[in-house]
Amino acid sequence: MNTIQLLYFARLRDAFGCAGEAVSLPGGSRVADLVALLVARGGAFADELGGTRVFRVAVNQEMAHAADAIPAGAEVAIFPPVTGG
Amino acid sequence: MNTIQLLYFARLRDAFGCAGEAVSLPGGSRVADLVALLVARGGAFADELGGTRVFRVAVNQEMAHAADAIPAGAEVAIFPPVTGG
Amino acid sequence: MASITIRVGPDDFDLGAEYAALVAGEADSGAVVAFVGRVRDLSLDRHVAVLELEHYPGMTEKALAKIADSAAARWPLTAVTVVHRVGPLHPADQIVLVLTASAHRHAAYDANAYIMDYLKTEAPFWKRESDGQTAHWVDARDSDSEAIQRWHPDDTP
Amino acid sequence: MASITIRVGPDDFDLGAEYAALVAGEADSGAVVAFVGRVRDLSLDRHVAVLELEHYPGMTEKALAKIADSAAARWPLTAVTVVHRVGPLHPADQIVLVLTASAHRHAAYDANAYIMDYLKTEAPFWKRESDGQTAHWVDARDSDSEAIQRWHPDDTP
C-alpha cells in the first residue's frame, strides 16, 4: 500500500465536504483504480465521480488520464472542468 | 473641360517633383483617362504610371478603380501602395 | 528565447505598466498584443454581484508556464506575460492579462489567442458567481473546449 | 452601437490611458484586445535610424473610420480605438494602437487583427526609412495584401 494526498477543488470540495484527505492505495494503482475506490464509498462520491458528470484528475500537478499510474506519495487532485480567464 | 486637383504622395511626389497640381480634363473622364493623359507627358510620369509599377488612385478621398468616373472639381490622389501600421 | 513572466494572485494589474515592462529597452518587438479579461455584469442573464476566483496553488502557475512555453515554441515570440487574479472580484474588475510580443503581428495575435484558449481549458481556475443572495459554480462552456481544436485536434501543451 | 475613436497625429499615445478611457464606467466589455505596433531596429537587415510616417490628411481619418465601422458591423464590438502616429519616429517608438472591446474574446481578437490587416493595405500611410545617411520609401509587402484574403476574397471595407 502507498499513501497519497488527495485534493478536491471548487464544486467537488463543496460536494465532498472537505478540501482533501490522505488515502491508502495498493501499489501500482492507476487513476481509474482511485476513482473506483472513491465511487465505492457511495453518496456524493458516487454522484460526482460515478455517473455522467465530467471531472478532471491531476497527478503531481499535471493533468492525468484514467490509465495513468499514481506514484507513491503522489499529490492527486480531483476537480471540475476549469472556468478561469 | 473640368478642372480637378491632383495630389501626389510619398515616392510619387518625389519622382514627379511636386505635391500636386490642377489639371483640366474633358467632361466624362474616367481614372484611366487621367492616367493616360499623365503617362503621355513622358519622363517620370511614364516611368511611374505607364509601366509595371503599382500605384493607387483615390477620387475624393475614396479608393478608386480605372473605370471610375472623375466628377467635376474632384480631388484625385495618386500614390504608391500604402505601408502604414 | 522568449522572456516569460507568470503571476497569479489577488492583486489588480496595470496594463500600461505591464506593457512598459515587457518592451523596456528593446526594439525587436514590432508587434505587441494584449488581452484583458474583465468581469461582466451579465453572465447568462443573472446579475453578478461577486465573482469568486479559486485556483490550485502550485499547479496553476505550472500550467500557465507550460501554456506560455508551448506558445513560445510555436511562434517567434520575444516576450510573454500572463497575470491572473484570484479571490473575490466585482463587475468591471480585471481578471486576466495576456501580453505577447513578437517581430510579427500575426504571431503576436495568434500566440495570444492560443494562450487564452488553453488557459480557459487547462489552467486550474474555477469561478463562483453570486448575485448577493445565492452562489453557484460556473459551468465550463463547450465553446471553450471547442476553441482549442483549431490549434490542432491533438495539440495539448 | 460600438463607440469608435480615431486619431491621427504626431503625438505619442499611452496604452494604459487609452484602455482606461475605452472601458471607463462599463461592465459589458468582458474582453479587450490591444495591438501596439512599434518601430523595429532592423528592417530587412538595414539599420533604421529614423522612420518617417507620411499620410494623406483627411482621407486617412476617413479610411480608418471606414475600417473600424466595417469591423463593428461584422463583430459584436462595444468600442474601438485606433491611434496612428505620423512624422519622424525612432526605433522602439510606438506607431499604431488598435483597441477592440467586446463581450466575447474571439470577436475582440478577430476584429483587432482585421482592423490591422486592412489598415496595412487601405489606410494612406507611407513609411520612409533612413539609416542616417540615405533614405528610401518602404515597399508594400505581398504578405500584407495576402493577409486580408482570409477575411473574404471579395471583402473590402
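Right, let's walk through the structure included here. Please read all numbers here as calculations on a predicted model, not as lab measurements. (Residues numbered from 1 in each chain as written. Chains lettered and ligands numbered in written order. Predicted model: local features only at pLDDT ≥ 70, side-chain atom pairs only at ≥ 80, totals over all residues. Heavy atoms only, no water.)

Some words on unusual backbone geometry
Residue Gln 61 of chain A is not a glycine yet carries a positive backbone phi of 70°. In this structure, Gln 61 of chain A sits in the loop between β3 (56-59) and β4 (62-64). Note on Gln 61 of chain A: relative accessible area 14%, which makes it buried. The backbone of Ala 10 of chain B shows a phi angle near 55°, a positive value even though the residue is not glycine. What makes Ala 10 of chain B buried here is its relative accessible area of 1%. (Helix = DSSP H or I, 4+ residues; strand = E, 2+ residues; numbered from the N terminus. Buried < 20%, exposed > 50% of the residue type's maximum accessible area, 1.4 Å probe, protein only.)

A short note on helix α3 (residues 105-122) of chain C
Over its 18 residues, α3 of chain C runs 25 Å from end to end, which matches the ideal 26 Å to within 8%, given 1.5 Å per residue. Of all the 18 residues making up α3 of chain C, 16 are buried; the element is thus mostly covered by neighbouring parts of the structure. (Expected span 1.5 Å × (residues − 1).)

Thoughts on the interface of chain D and chain C
Every contact between the two is made by 36 residues of chain D and, on the other side, 36 residues of chain C. With both sides pooled, the region where chain D packs onto chain C buries about 2,900 Å², and carbon together with sulfur makes up 51% of that total. In terms of surface lost to chain C, no three residues of chain D exceed Arg 38, Arg 105 and Tyr 109 of chain D, which account for 25% of the buried area on that side. A salt bridge links Arg 105 of chain D to Asp 144 of chain C; its shortest N-O distance comes to 3.1 Å. Where chain D meets chain C, there are 23 residue pairs in polar contact (both at pLDDT 80 or more). Listing elements by their share of the side of chain D that touches chain C, those giving two or more residues are α1 (15-23), β2 (31-38), α3 (105-122) and α4 (142-147) of chain D. A per-class count over the side of chain D that touches chain C returns 18 nonpolar, eight polar and ten charged. Here strand β2 (residues 31-38) of chain C runs beside β2 of chain D; their pairing, made up of seven bridges, is antiparallel. Its bridge partner being in β2 of chain D, Ala 31 of chain C is matched across the sheet by Gly 37 of chain D. (Contact = heavy atoms within 4.5 Å. Buried area = accessible area lost by both parts, 1.4 Å probe. Salt bridge = Lys/Arg side-chain N within 4 Å of Asp/Glu carboxyl O. Polar contact = N/O pair within 3.5 Å; in protein donor to acceptor, adjacent residues only side chain to side chain. Nonpolar A, V, L, I, M, F, W, Y, C, P; charged D, E, K, R; others polar. Pairing = 2+ DSSP bridges.)

Considerations on the interface of chain C and chain A
Of the residues lining the interface, 26 residues belong to chain C; the matching set on chain A comes to 20 residues. Of the roughly 1,800 Å² buried between chain C and chain A on both sides combined, carbon and sulfur atoms contribute 56%. At the boundary of chain C and chain A, one finds two salt bridges. With a closest N to O distance of 2.9 Å, Glu 62 of chain A and Lys 66 of chain C form a salt bridge. For the interface between chain C and chain A, the tally reads twelve residue pairs in polar contact (both at pLDDT 80 or more). At the level of secondary structure, the elements contributing two or more residues to the side of chain C that touches chain A comprise β5 (50-55), α2 (59-74), β8 (94-102), α3 and β9 (125-130) of chain C. Among the residues making up the side of chain C that touches chain A, the classes are represented as 15 nonpolar, four polar and seven charged.

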